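Letter by letter, the chains look like this.
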Amino acid sequence: MKLNKLAGVSSLLLLCSGYAQATTEIEWWHAMGGNLGEKVNEIADKFNASQTEFVVKPVYKGNYTETMTGAVAAFRAKQQPEIVQVFEVGTATMMSAKGAIYPVYELMKDTETPFDSSEYLSSVAGYYTDTDGNMLSMPFNSSTPVLYYNKDLFAKAGVTPPKTWEEMGDVAKKLRDNGVTCGFTTGWQSWVQIENFGARHNQPIATADNGFSSTDAKLQINNKPFVKHINQLAEWQKDGTFKYGGRRSDSAPLFYSGECAMYMNSSASYAGIKGNVDGFEFGVSQLPYYESEIKNPQNSIIGGATLWVLQGHDKKDYEGVAEFFKFMSSSDIQADWHQFTGYLPITHAAYEQSKKEGFYDKNPGTDVAITQMTSVEPTPASKGIRLGNFVQIRDVINEELENVWSGDATAQEALDKAVKRSNVLLAKFAKANK
């Protein structure tokens, strides 16, 4: 009897072992920490529970830069994951890695997996497609900057959110007259005050359609509209209309505390603001624009990241990646991700589902970013930015802008220097990718 029991146990173990071997594991490197990382794990768990053939294993690899750098090193060592999350400024670098990436449109075609890129918002899909409209990576967490404002302070001062930069000075003055020490601050100054400023005003930040049509691009943020804007911010910093708070989202506490009445940053900051603001209501408005420069502003451009597929794995692995991407594209998954994180609903279906569920009615302002992104068709200047070495270029822009805020350079001097330094980086990238 004992032998029969042991035989039964052995058979069960063999079956389990065979099942485990038959299950294909797919590694997904990502840069989502904290609550976002937990949500990533939840998405993977849902996919794993939905079928028995594949198992997706998310692995947190640090911030965006660390994740991308780690994936490059892993590929060289032939230890790369199947999927890696790369932020938007790494797009040109990933595209240039011929032989290292497996374009999504080819993956879906090769695995005969149903896929229609037109299901994605054009302002999102356009950033990650080639000149023929083929999608290269899978959109995942896309965001765009918006204007957050302190409703209580605005009510006290009797003002409404400024639609234009021309209105900004008057609104800030009235706020300061009513005891506010800082009119507004900004996160991610290069992304918001240079890159998106250019897009909103239909002004390219670089030649060659912001790098989309050629790697042989040159930065041109020292043109008049950009200089005018940075000079205005420098002037506003003197009287407290504007306060610089750091390169990334370091300025958020200035808004949380009520010191600054307005805060420009990612639409994905919504959840963080909601969780950190205590004692006042906040609202969301579109980014302001100079009416003197453009009557009808263009769309803002996206930030965030997409999922790139790396070469060097078995056919079965890629079948699993394709199935996972199909699963992630469903309206249920995308709507849930959008509603939980504040990132954009990257598909039309996810937006419609969120609207139908009453999410925007229950969470006023969460649809502002969508309207700002989709109200007009993108132009070559507002489609996005695809420049080589853009991670380093952003560092250059940040350094030179900080010289303006400290009073060590004029707007023209700083932007001239940023262009000169950045063009050296662009030339190196172009030379390496001819």
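Residues numbered from 1 in each chain as written. Predicted model: local features only at pLDDT ≥ 70, side-chain atom pairs only at ≥ 80, totals over all residues. Heavy atoms only, no water.

**Overview of the overall build of the protein chain**
Applicable threshold: Numbering of helices and strands runs from the N terminus, with a helix taken as a DSSP run of H or I at least four residues long and a strand as a DSSP run of E at least two residues long. Every radius of gyration here is taken over C-alpha atoms, with the globule rule written as 2.2 Å times N^0.38, N being the number of residues. Burial classes follow relative accessibility: with a 1.4 Å probe on protein chains only, a residue under 20% of its type's maximum area counts as buried, one over 50% as exposed, and anything between as partly exposed. We call two residues contacting when some pair of their heavy atoms lies within 4.5 Å. What sets the accessible areas is the Shrake-Rupley method with a 1.4 Å probe; for residues, cover comes only from the shown protein chains. Note on charges: Lys and Arg go in the positive column, Asp and Glu in the negative column, and His and the chain ends are not counted at all. The atom standing in for a charge is NZ when the residue is Lys, CZ when it is Arg, CG when it is Asp and CD when it is Glu.
Assigned secondary structure in the protein chain consists of 20 helices and nine strands. Relative to the globule expectation of 22 Å for 434 residues, the C-alpha radius of gyration of the protein chain, 24 Å, shows essentially globular dimensions. By the burial criterion, 53% of the 434 residues in the protein chain qualify as buried. In the protein chain, of all internal contacts separated by at least 6 residues, the share reaching a separation of at least 24 is 78%. Carbon together with sulfur atoms contributes 50% to the accessible area of the protein chain, which is approximately 19,100 Å² in total. Averaged over its 41 positive side-chain charges, the protein chain has a centre that lies 3 Å from the centre of its 50 negative ones.

**Section: the layout of surface pockets**
Inclusion rule: Grid points spaced at 1 Å over the protein atoms alone were grouped into cavities, where a 1.4 Å probe fits but cannot get out, and pockets, open sets with protein on both sides within 12 Å along at least five of seven lines, with lining residues defined by an atom within 4 Å of a point. Grid points are joined across faces, edges and corners, and a volume is the space filled by probe spheres set on the points.
In this structure, the largest pocket spans a volume of roughly 840 Å³. Taken together, 33 residues make up the lining of the largest pocket; nearest its centre are Leu36, Tyr64, Trp188, Ser249 and Tyr343. Listed by contribution, the elements that provide at least two residues to the lining of the largest pocket are α2 (34-50), α12 (252-256), β7 (260-266), α13 (270-276), β9 (303-309) and α15 (331-341). Looking at the lining of the largest pocket element by element, the count peaks at four residues for α13.

**Brief notes about the sheet that holds strand β1 (residues 24-30)**
Heads up, the rule is: By definition, two strands form a pair when at least two bridges between them are found by DSSP. Whenever a helix is involved, its axis is fitted only over the stretch in contact; in every case the axis is a line through C-alpha atoms, and angles between N-to-C directions fall within 0 to 180 degrees.
Spatially, the five strands line up as an open sheet ordered β2-β1-β3-β9-β4, and their pairing is mixed. With partners counted over all chains shown, the strands left at the sheet margins are β2 (54-60) and β4 (138-143), one partner each. Strand-to-strand twist in this sheet, taken as the mean axis angle between neighbours without regard to direction, amounts to 20°. The pairing of strand β3 (residues 83-87) with β9 spans five bridges and is classified as antiparallel.

**Quick notes on the pairing of β1**
In summary, the side chains of a regular strand alternate between the two faces of the sheet. For clarity, the cut-off: A crossover gets the label right-handed when its path from the first strand over the helix to the second runs clockwise, viewed with the strands pointing away from the viewer.
The element β1 is largely enclosed, with a buried count of five among its seven residues. As judged from the seven bridges shared by β1 and β2, these two strands associate in the parallel manner. If you follow threonine 24 over to β2, its bridge partner there is phenylalanine 54. Between β1 and its parallel partner β2, the chain crosses via α2, and the hand of that crossover is right-handed.

**Side note on the nonpolar core**
The line we're drawing: Within this scheme, the nonpolar core is defined by two criteria: the residues are buried Ala, Val, Leu, Ile, Met, Phe, Trp, Tyr or Cys, and they are joined through side-chain atoms within 4.5 Å.
Membership of the largest hydrophobic core comes to 125 residues, with the highest contact counts inside it found for Leu175, Leu219, Ile221, Phe324 and Phe325. Beyond its immediate stretch of four places on either side in the chain, phenylalanine 325 contacts Ile83, Val104, Leu107, Met108, Met138, Leu307 and Val309.

**Some words on the pairing of β9**
Among the seven residues of β9, seven are classified as buried, and the element is accordingly described as predominantly covered. Here β9 shows a buried face lined by Gly303, Ala305, Leu307 and Val309 and a second buried face lined by Gly304, Thr306 and Trp308.

**Some details on the state of the cysteines**
Keep this limit in mind: The definition used for a disulfide is geometric: two cysteine sulfur atoms within 2.5 Å.
Summed over all chains, the structure comprises one disulfide. A sulfur-sulfur distance of 2.0 Å marks the disulfide that ties cysteine 182 to cysteine 260. An S-S torsion of about 95° defines the bridge between cysteine 182 and cysteine 260 as right-handed. Highlighted residues: cysteine 182 in strand β6 (residues 182-186) and cysteine 260 in strand β7, separated in sequence by 78 residues. Owing to a relative accessible area of 1%, cysteine 182 belongs among the buried residues under this scheme.

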